[in-house]
Amino acid sequence: MVPMWLQAGFWGLFAGSALLLGAAIGYLAKVPRRLLASVMAFGAGVLLSTVAFELIDEAYKQGGMRPTTIGAAAGALIYTGCNILLARRGARHRKRSGDQQPSEQEQDGSGTAIALGALLDGVPESIVIGTSLLSGGTVGAVTVAAVFISNVPEGLSSAAGMRAAGRSRLYVFGLWTGIAVISGLAALAGYTVLGDASDALMASIIALAGGAILSMVADTMIPEAFENAHLLVGLITVAGFLLAYGVSQLEP
């Protein structure tokens, strides 16, 4: 039987690999901006559903309202604070597909800031994948599916923006490969480090990840989705939301 810690790492790596898949499409293919808006809206809907029904709801069931509220608020504050610092270094538009991202010539250190920003976006999702193995012994299918589905448009849009900013193929694919590997390690850490956590602490951590992910969706995904909004973007967002909710109801 495969050890549980290894399963956690595998599922984190699997979900993170969607970033690399999306990056390959975004960097190597010329994807229409309206299509990018659609896939980003779909991914945003998936994550909104996951935060509501898989993270915040689960945190409340484990620890009640107080640790859930504290955790979610802390996640939003930590993400926003780190995001402000990175934005000043050139990572403000790291998930935008147009020419919003600065090149290294335009802003020195922006490449490093964008890499750290990508890490900031991806780690909370991966930790949740690891912690989902702790309760039932099997990874939450909806958690992995939601992270995988949402990672594709994230990587796609961001890589398209990196190409527009003149970043090299080595930089783009090296970055997303590294983030995929770190996603696996974060999921592994979520399982091993938090194995003995109390219900209240676990609730706070799950809610913290939920608050960080919700902040990320509002700050980086929704603006890209509605930059080139067309009349179906709202419908597509709801479709992503309902798909993730439907998958969550299939779990025992």
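Along every chain, residues carry numbers that run from 1 in the direction the sequence is written. Reporting in this predicted model follows two pLDDT cut-offs: at least 70 for local features of residues, and 80 or more for side-chain atom pairs to be given and counted; totals over whole chains, interfaces and linings ignore these cut-offs and use all residues. Note that water and hydrogens are dropped before the side-chain values are worked out from all heavy atoms of the structure.

Trainee: Summarise the overall build of the protein; cite the residues concerned and give the values.
Mentor: Assigned secondary structure in the protein consists of 8 helices and 0 strands. Taken from the N to the C terminus, the helices and strands of the protein come in the order α-α-α-α-α-α-α-α. Radius of gyration here uses only the C-alpha atoms, and the compact-globule reference equals 2.2 Å multiplied by the residue count raised to the power 0.38. Here the C-alpha radius of gyration of the protein, 17 Å, is about what a compact globule of 252 residues would show, namely 18 Å. Along the first, second and third principal axes, the C-alpha atoms of the protein reach 50 × 35 × 35 Å. Residue exposure (1.4 Å probe, protein chains only): buried if accessible area is under 20% of the type maximum, exposed if over 50%, otherwise partly exposed. Counting all 252 residues of the protein, 50% fall into the buried class. Contacts are residue-level and defined by heavy atoms, with any inter-residue pair within 4.5 Å sufficient. In the protein, of all internal contacts separated by at least 6 residues, the share reaching a separation of at least 24 is 84%. For every accessible area listed, the method is Shrake-Rupley and the probe measures 1.4 Å; residues are considered covered only by the protein chains on display. A total accessible area of about 11200 Å² is found for the protein, and carbon and sulfur atoms account for 69% of it. Working convention for charge: Lys and Arg count positive, Asp and Glu count negative, and His plus the chain ends are omitted. Where a charge lies is defined by one atom per residue type: Lys uses NZ, Arg uses CZ, Asp uses CG and Glu uses CD. Computing the positive centroid from 14 side-chain charges and the negative centroid from 16, the protein places the two 9 Å apart. To qualify as a helix, a DSSP run of H or I must reach at least 4 residues; to qualify as a strand, a run of E must reach at least 2; elements of each kind are numbered from the N terminus.

Trainee: Give me helix α8 (residues 233-250): which residues, what numbers.
Mentor: Here α8 is 18 residues long and its end C-alpha atoms lie 26 Å apart, about the 26 Å a rise of 1.5 Å per residue gives. Of the residues making up α8, those classed as buried are V233, T237, G240, A244 and S248. For α8, the buried positions fall inside an angular range of 75° around the axis, keeping them on one side. In α8, the exposed residues that point more than 90 degrees away from the buried face are L235, L242, Q249 and L250. Between the first and last residue of a helix there are one fewer steps than residues, each counted as 1.5 Å, and that sum is the expected span. It is the directions from the helix axis to the C-beta atoms that the arc portrays.

Trainee: So, the nonpolar core: which residues are in play, and what are the values?
Mentor: One finds V172, W176 and M221 to be the most contacted residues of the largest nonpolar core, which totals 39 residues. With residues up to four places along the chain from it excluded, the contact list for M221 reads M40, G43, A44, L47, K95, S150, E154 and M216. Buried Ala, Val, Leu, Ile, Met, Phe, Trp, Tyr and Cys residues that are joined via side-chain atoms within 4.5 Å together make up what is termed a nonpolar core. In terms of nonpolar packing, the next biggest core, distinct from the first, is built from 5 residues, I129, V144, V147 and A187 among them.

Trainee: Provide a residue-level description of the confidence of the model for the protein, including the pertinent values.
Mentor: Scored between 0 and 100, pLDDT is the confidence that the predictor attaches to each residue. Scored by pLDDT, the protein comes out at a mean of 84, with 93% of its residues at no less than 70. Mean pLDDT across the elements of the protein bottoms out in helix α4 (residues 110-136) (77) and peaks in helix α3 (residues 65-91) (90).

Trainee: Tell me about the packing of helix α2 (residues 33-63) against helix α7 (residues 199-227), and name the residues and values.
Mentor: Direction vectors running N to C along α2 and α7 enclose 165°, while the axes themselves pass 8 Å from each other. By the angle between their axes, α2 is roughly antiparallel relative to α7. Crossing hand, α2 versus α7: left-handed. As a working rule, the residues Ala, Val, Leu, Ile, Met, Phe, Trp, Tyr, Cys and Pro are called nonpolar, Asp, Glu, Lys and Arg charged, and the rest polar, with Gly in that last group. Tallied by class, the residues present in the contact of α2 with α7 amount to 23 nonpolar, 4 polar and 5 charged. Orientation is described by lines fitted to C-alpha atoms, with helices fitted over the stretch in contact, and by angles between N-to-C directions that extend from 0 to 180 degrees. Any angle that is under 35 degrees is reported as roughly parallel, and any over 145 degrees as roughly antiparallel; angles of 65 to 115 degrees are reported as roughly perpendicular and all others as oblique. Less than a right angle of anticlockwise turn of the near helix away from the far helix marks a crossing as left-handed, whereas a clockwise turn marks it as right-handed.

Trainee: Please give an account of the packing of α3 against α7 that cites residues and values.
Mentor: Contact geometry of α3 with α7 gives a least axis separation of 6 Å together with a crossing angle of 40°. Considered as vectors, α3 and α7 are oriented oblique to each other. For α3 against α7, the interelement crossing comes out right-handed. Along the contact surface, α3 presents P67, T68, G71, A72, A74, G75, A76, I78, Y79, T80 and N83, while α7 presents A200, A203, S204, A207, L208, G211, A212, S215, M216, D219 and T220. Looking at the contact of α3 with α7 residue by residue, the class counts come to 12 nonpolar, 9 polar and 1 charged.

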